[in-house]
Amino acid sequence: MGLTSLRAGTGRLTGPGTGHVSGRRYADIGGLTLESGRVLPGVRMAYQTWGTLNATADNAVLVLHALTGDSHVVGPAGPDQPTPGWWDGLIGPGAPLDDSRYLVVAANVLGGCRGSTGPATPAPDGRPWGSRFPRVTVRDQVAAEAALADALGIRAFAAVVGGSMGGMRAVEWAIMYPDRVRRCIAIATTPSFSGDQIAWSAPQLAAIRSDPNFRGGDYYDDAPPLAGMAIARQIAHITYRSARELNERFGRAAQEGEDPADGGRFAVQSYLDHHGDKLGRRFDPNSYLVLSESMNSHDIGRGRGGTRAALATIRAELTVAVVDSDRLFPPDEGAVLATAPAARPLVTIRSDYGHDGFLIEAEQVAAVVRGAVEPG
């Protein structure tokens, strides 16, 4: 597929998919040199856009997804898109990112499984990368997104917006490319993946790798390790929600028609089973591993003299928002990001839902984004 171009001066998208809202598109960005020194050849990035680039090419906004998200930020499910938008209400007429005013770009992350190069895509020999796919870091993922921006003719972004894993990349964008980001909006994220977060990640990785169907990561000609990934997702989902919500919503109630005293499930167990099974219908276990390990590597201070030294290099206006009930990325971690000299006052999102509040509390998130892109 040929690369769609966005040409400053025309104010129009050109190429396949031209229009108010595009479907998934692809950009071949060539070889990418990773932090490890290894070159990942033939990288392709999948992306979607909303709106048009203006004549001065200064209205582009980059939206970055979380662990199991993709480039489909808003809109219904469709033939090539198994789920509806994960941040509906963020983009569109009258929305915080109004596509009559901004060109909004969202890419599937490097290592993902919704069109960008990842473990399931073909290696140069034509077979899926599988176990041969290299480890990538958050900085590698940002470098791939920067190469995509180059390919699209976008020199700088009016704003880079992300939550959770997307927030990690948003902050790295502001540090790695300080002259390419005017505003950075980081929601429900952290300056570095802590020991506690790595500890929660470890059994998730082990669950997938322990599944008999994993076969060292080379399972694409047979059944995938969905039982292991379902367990991984259950573990992760506990960290996405607050203890208060789980207690108030489910408590010790039995699942309807089942008796826990006779081998049946509690309602909360059924809830976790549902989320574990649901992910297997749309996500590649190898990508889950690659992206989880990229988060494990996240540390903005690595090789930069520490966190505070890294934050001091940010020139973009930084808006940080935390969720008060977040037990995955506690508010005090986000507050560290808000100590950057370029940061505005910390914003606290009030929610009973825990980490997932950054997706659920739509009105509060909209206010954060609108206040950041339209200050004053």
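Since this is a predicted model, take the numbers as computed values, not measurements. (Residues numbered from 1 in each chain as written. Predicted model: local features only at pLDDT ≥ 70, side-chain atom pairs only at ≥ 80, totals over all residues. Heavy atoms only, no water.)

## Here we look at helix α6 (residues 267-280)
Taking 1.5 Å of rise per residue, 14 residues should cover 20 Å, and α6 covers 21 Å from first to last C-alpha, within 8% of that figure. Buried within α6 are the following residues: A267, S270, Y271, L272, H275, G276 and L279. Considering only its buried residues, α6 is in contact with α4 (226-240), α5 (243-249) and α7 (285-296). (Helix = DSSP H or I, 4+ residues; strand = E, 2+ residues; numbered from the N terminus. Expected span 1.5 Å × (residues − 1). Buried < 20%, exposed > 50% of the residue type's maximum accessible area, 1.4 Å probe, protein only. Contact = heavy atoms within 4.5 Å.)

## Focus on unusual backbone geometry
Positive phi outside glycine occurs at A57, with the angle close to 55 degrees. Assignment of secondary structure puts A57 in the loop between β4 (39-50) and β5 (60-64). The exposure class assigned to A57 is partly exposed, which follows from its relative accessible area of 22%. With a phi angle near 60 degrees, S164 is a residue other than glycine that sits in the positive phi range. With respect to the element layout, S164 can be found in the loop between β7 (159-163) and α2 (165-176).

## Quick word on a nonpolar patch on the surface
Taken together, the side chains of Y353, L359 and I360 present a nonpolar region at the surface, about 210 Å² in accessible area. Mapped onto the fold, Y353 is located in the loop between β10 (347-349) and α10 (357-360). (Patch = residues over 30% accessible without salt bridge, like charges linked within 9 Å, V, L, I, M, F, W, Y side chains within 5 Å. Areas by Shrake-Rupley, 256 points an atom, 1.4 Å probe, with all protein chains shown as cover. Salt bridge = Lys/Arg side-chain N within 4 Å of Asp/Glu carboxyl O.)

## A few points about the layout of surface pockets
Of the voids in this model, the largest pocket is the one considered here, and its volume is about 850 Å³. Considering the residues around the largest pocket, the lining is formed by 40 residues, among which T68, R233, R282, D356 and L359 are closest to the centre. Elements represented by at least two residues in the lining of the largest pocket include exactly α3 (195-210), α4, α6, α7 and α10. Considering each element in turn, the lining of the largest pocket owes the most residues, five residues, to α4. Looking at side-chain class alone, the lining of the largest pocket contains 17 nonpolar, 16 polar and seven charged residues. Estimates place the volume of the second largest pocket at around 190 Å³. (1 Å grid on protein atoms, 1.4 Å probe; cavity = no way out; pocket = protein on both sides within 12 Å on 5 of 7 lines; lining within 4 Å. Points joined across faces, edges and corners; volume = space filled by probe spheres on them. Nonpolar A, V, L, I, M, F, W, Y, C, P; charged D, E, K, R; others polar.)

## Thoughts on the packing of aromatic side chains
For the coordinates displayed, the defined rule picks out ten aromatic pairs. A centroid spacing of 5.5 Å and a plane angle of 90 degrees characterise the contact between F157 and W173, whose relative ring orientation is edge-to-face. One end of the pair, F157, is in the loop between α1 (138-151) and β7; the other, W173, is in helix α2, and 16 residues separate them in sequence. Classification of F157 by relative accessible area gives buried; the value is 2%. Taken together, the ring pairs in this structure connect W86, W87 and F358 into an aromatic cluster. (Phe/Tyr/Trp six-rings, centres within 6.5 Å; stacked < 30°, edge-to-face > 60°.)

## Considerations on the pattern of salt bridges
Summed over all chains, the structure comprises 22 salt bridges. Residue E374 is joined to R101 by a salt bridge in which the shortest nitrogen-to-oxygen separation is 3.0 Å. On the criterion of sequence distance, the pair formed by E374 in the segment after α11 (362-373) and R101 in the loop between β5 and β6 (103-107) is long-range, its members being 273 residues apart. Take E374: its relative accessible area is 35%, and that puts it in the partly exposed class. Residue classification places R101 among the partly exposed positions, given a relative accessible area of 44%. Close ionic contact of R132 with D125 constitutes a salt bridge, the shortest N to O distance being 2.8 Å. With relative accessibility at 29%, the residue R132 sits in the partly exposed group. Each member of the salt-bridge network shares a partner with another, and the members are E35, R139, E172, R302 and R304.

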